[in-house]
Every structure is written in C-alpha cells, then in structure tokens.
Amino acid sequence: MDIRKNPYRADFPLLASHPEIAFLDSAATAQRPACVLDAQRRFYETMNANPLRGLYSLSVAATAAIADVRAQVATLIGAPGARDVIFTRNTSESLNLVAKSFSPCVLGPGDEVAITIMEHHSNLIPWQEACRAAGARLVYLYPEKDGTLTDAEIAEKIGPRTKIVSAAHVSNVMGCELPARKLADAAHAVGAVMVVDAAQSVPHLRVNVDELGADFLAFSGHKAMGPMGVGVLWGRHDLLEQMPPMLTGGEMIDSVREQDATWAPVPEKFEAGTQDAAGIYATGAALSYLTETVGLDAVAAREGELVAYAMERLSELGFIDLIGPADAARHHGVISFNVRGVHPHDVASILDASGVCIRAGHHCAQPLLAWLGVENLACCRASLAFYNDKNDVDRLVDGLTQVWGIFHGSD
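Let me begin by describing the structure that accompanies this report. This one's a predicted model, so the numbers in the text were calculated from it and none came from an experiment. (Residues numbered from 1 in each chain as written. Predicted model: local features only at pLDDT ≥ 70, side-chain atom pairs only at ≥ 80, totals over all residues. Heavy atoms only, no water.)

**A closer look at the state of the cysteines**
Cysteine pairs can be linked by a disulfide, which is a covalent bond between their two sulfur atoms. Definition in use: Any two cysteine sulfur atoms lying within 2.5 Å of each other are counted as a disulfide.
This model, assessed by the stated rule, comprises zero disulfides. Here C357 is not cross-linked by a disulfide; its sulfur's nearest cysteine counterpart is in C380, at 14 Å. The thiol of C380 is not disulfide-bonded; the next cysteine sulfur, from C379, is found 6.9 Å away.

**Side note on the pattern of salt bridges**
Here is the rule: Each salt bridge in this description consists of a side-chain nitrogen of Lys or Arg and a carboxyl oxygen of Asp or Glu lying within 4 Å of one another. Only DSSP runs of H or I covering at least 4 residues are called helices, and only runs of E covering at least 2 are called strands; the numbering of each starts at the N terminus. Exposure classes here rest on a 1.4 Å probe applied to the protein chains alone. A residue is buried below 20% of its type maximum, exposed above 50%, and partly exposed in between.
Counting across every chain of the model gives 22 salt bridges. One salt bridge connects R137 with E112, and the closest N-O pair in it is separated by 2.9 Å. Here the residue R137 occupies a position in strand β4 (residues 137–141), and E112 occupies one in strand β3 (residues 112–116), the gap between them amounting to 25 residues. R137 sits in the partly exposed class, given a relative accessible area of 49%. Residue E112 is classed as buried on the basis of its relative accessible area of 12%. The residue K390 makes a salt bridge to D394 at a minimum N-O spacing of 3.2 Å. Here D394 and K390 lie together in helix α14 (residues 390–408), a separation of four residues that amounts to about one turn. What makes K390 partly exposed here is its relative accessible area of 25%. The network of salt bridges with common partners includes R313, E316, K390 and D394.

**What to know about the sheet that holds strand β5 (residues 162–168)**
Convention followed: If DSSP finds at least two bridges between two strands, the strands pair. Inter-axis angles, ranging from 0 to 180 degrees, are taken between N-to-C directions of lines fitted to C-alpha atoms, where helices are fitted over the stretch in contact. What makes two residues a contact is simply this: any of their non-hydrogen atoms within 4.5 Å.
Pairing in this open sheet of seven strands is mixed, and the strands run β2-β8-β7-β6-β5-β3-β4 from one edge to the other. A single partner strand is all that each edge strand has here, and the edge strands are β2 (85–88) and β4. Pairwise comparison of adjacent strand axes, ignoring direction, gives a mean angle of 20° for this sheet. Sheet analysis places β2 next to strand β8 (residues 231–235), joined by four bridges and oriented antiparallel. Within β8, the residue paired with T88 across the bridge is G231. Against the sheet, helix α5 (residues 125–134) engages β3, β4, β5 and β6 (193–197), with an angle of about 145° to β4.

**Topic: a nonpolar patch on the surface**
Just so we agree on the cut-off: Patch members must show over 30% relative accessible area and no salt bridge, and they are joined within 9 Å when carrying like charges or within 5 Å when they are nonpolar side chains of Val, Leu, Ile, Met, Phe, Trp or Tyr. What sets the accessible areas is the Shrake-Rupley method with a 1.4 Å probe; for residues, cover comes only from the shown protein chains.
Together, I253, V256 and W263 give the surface a local cluster of nonpolar side chains, amounting to about 270 Å² of exposed area. Within the fold, V256 resides in strand β9 (residues 253–256). The exposed category is assigned to V256, whose relative accessible area is 58%.

**A closer look at the environment of L377**
With respect to the helices and strands, L377 occurs in the loop between α13 (366–372) and β15 (379–383). Judged by relative accessible area, which is 31%, L377 ranks as partly exposed. Taking the C-alpha atoms as reference, L377 lies 9.9 Å from P344; in sequence the two are 33 residues apart.

**Focus: the pairing of β9**
In this sheet, strand β10 (residues 261–263) lies alongside β9 in antiparallel orientation, the contact comprising three bridges. The partner of V256 across the bridge, within β10, is A261. Between β9 and β10, which follow one another and run antiparallel, lie four residues.

**Here's the deal with the environment of L15**
Of note, L15 is situated in helix α1 (residues 13–17). L15 gets classed as buried once you look at its relative accessible area, which sits at 2%. Setting aside anything within four residues of it in sequence, one finds L15 in contact with R9, F23, Q31 and Y387.

**Details of helix α10 (residues 277–294)**
For the record, the criterion: In this scheme, a helix's expected span is set at 1.5 Å multiplied by one less than its residue total.
For α10, with 18 residues, the first-to-last C-alpha span of 25 Å sits near the 26 Å given by 1.5 Å per residue. Of all 18 residues that make up α10, 14 are buried, and the element is covered over most of its length.

Written as structure tokens, this is what we have:
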C-alpha cells in the first residue's frame, strides 16, 4: 500500500478545501465525507417530519429511515436483533444509561464493579457514581506499562463479588486493544455482565458483540464519520427488558394514567423525545461509506501502514517519549507522546501554526496518566485515520523538530 498517495482526501470537503491542514485528531472526532453531509441535508429536504408520530407519508419515511439504520448498526456489530440497538447522543450517554438504569438491577452493598485504569472518564465516572449509590466498590485492573493486561491481573480482580465488568475495546490514550473476550469470559464465569466501550474500535476494527462476549456495547457515530450527537447502545434483550428508562417523556410509553405509566417496548423505552432523525440517517450513510465504499479491511491495512511509518519517524527524534506499546502493530490509530521538557499545550499550539492538528491534554483519562507518572497529567496525541497520508506524518515530524528548536535551540 502506497501511503504517499491519498485516494480518500477528496471525499472529505474540509480536507479537500484546506490542503494546508494535516488533521491528526480523528480519535476525538473524525472528518465527514461529502456523502454524510449530503445525507443529512437530504433528510431535511425530502422526509423532514417527526418519526413515529405521524401516519402521513413524510413521517412514515422518517420512521423507516431510522429503522433501516438501526438494522444497519445491528449488522455492523453482529447483533442478533435490530430492536436491541438504542440510539443515544454519544458513547457517554450510552454508558451512563447502563450505569444508571442497569446497575441498580444487580448492584448492592459489598458488590464490585471492575474497570481498567485505562478507561476514558465516560467509562469511569458513571461507575464511580453507580458504586457510590449502591454502596459497592469500584475495582481497577492495572496493565503493564505497555498496556498489556495480564491473565493474572484479570483473575485477581474479577471474582465472586464482581457484578459488572466495563472496559474499553481500544484505549484512547495508549492505542492498544484490550482483551475484551478474556474479560468477558472472566465476568461470565462469576455471573457478572460485560460492558464494552467501543468508541475507539468501531472506526478501525471489525466489531462483533458475540465474539467479544459483550452484554452491552456502546459507540459514537461522530468517531465513525457520522454527525455529532448520535450514539449507540446495544444490549442483550433480556437485560434491556429488566432496565427502567433513564429519561422519560414522549414516545417512550405504551400508556399513561394520572398516577403511573407503562413503558413502551425496547428500544422505544429508552428513546424519549424527538430523536436526531437526520443525524441517524446520516450516520447510516457514514457506516455505508466506511464499510462499503472504503471497506474495513482497507481501513485497517492503510491505518496500520500509517501508524508504522509514524512511529518509525518519531523514533528518529531523540526528544520524544512515547506512551504505550513500542510495537506499532498494537496501535489502532492512536499514538501518544511527549516532547521532553515542553508542555503538550505549547507543542499543540506551535504545530497548529503550521496547520498540524493534534490533541494535547489529559484526554479524559486523568487516572491513567497519573498512574503512568506523566508530568502535568498531559500528553500529546496524534490519531490517524485512513484519509491521512505520508505527508501528514512528515509534517508532524517537521513540526516537532521545530518545537524542539524553539525551546532548546537548533543544532
């Protein structure tokens, strides 16, 4: 694969119209291809009506559009039923829904929830709150410094008191894949439930809920080139049936009386109010582009080549401290690092002056950075997608050389 060439950049209007930008922050949010922007506009131009609420043709078309994307998502993640796919605003809301609505069904005083220290705050704070409310204990699994989660650590931390295990499929800081299936097997062996945060894996890998052993799985559309404001939660049907809704109001009811109400069936039970129908419709276009126009195998191959080249180039710079695995093959789009002696915010600002966009800060993973001993609880993160190319990486390396020269003088 020739990463010097870029057959995809022209599909993305922002990138195509701004050749001066090297966008290396796709782990935060991806760029949108024109077909996604067109789909969102097409919804408003051809079927703009409130879904589920009308019997006239526009509303029926909007309802059918959402149902089609629900089925598309189920196929993407290997889910057995489309009606167990719930649309939310983002991964954070999806994980909060599980923590707030499901955990009270199983969690009590003295019970435990197991997560890893590598979790994004969205898969950490909801469990802090759930444990606090139930009188339960939050237990952390700690990896090796390269992100490897050992069998011994899994066996030690997941035990008879564990009721829920929740973990990222891919770390948003270290870039490595966590052993979700091993965690799920350990959880199921003690009667616990496995929750998978797939926000960083769905855009890069083939994801299958059965192969992962997931009981719940969450991801965001915007990281997979869809619009912002659309998230997904999939859950086992029997577990979703047990859960009360987190939000109440319109269209999540079967019937309402003066003093009580009966909930609608799954998934409507969890989708109170008017959904972002246009965004869901456009998310379907994004997933079609990702899986059909580009193809997940092509995504993985190109991103693998780009990450390998980026890590090779970064290793040439004697002032870069890499965070995470040394093996490029273990990074799924994400490379975190620091420039020795330079604050990440300064690095990002100087790179931005050259049109290079990276992330700098704690990446919503403060406990991980504290455990790793990262200075200032901050680091730089360059995250690559298939629409990047060799030139983007070279510009990053040139920019980092400039950063070093500004703070330490040129040789």
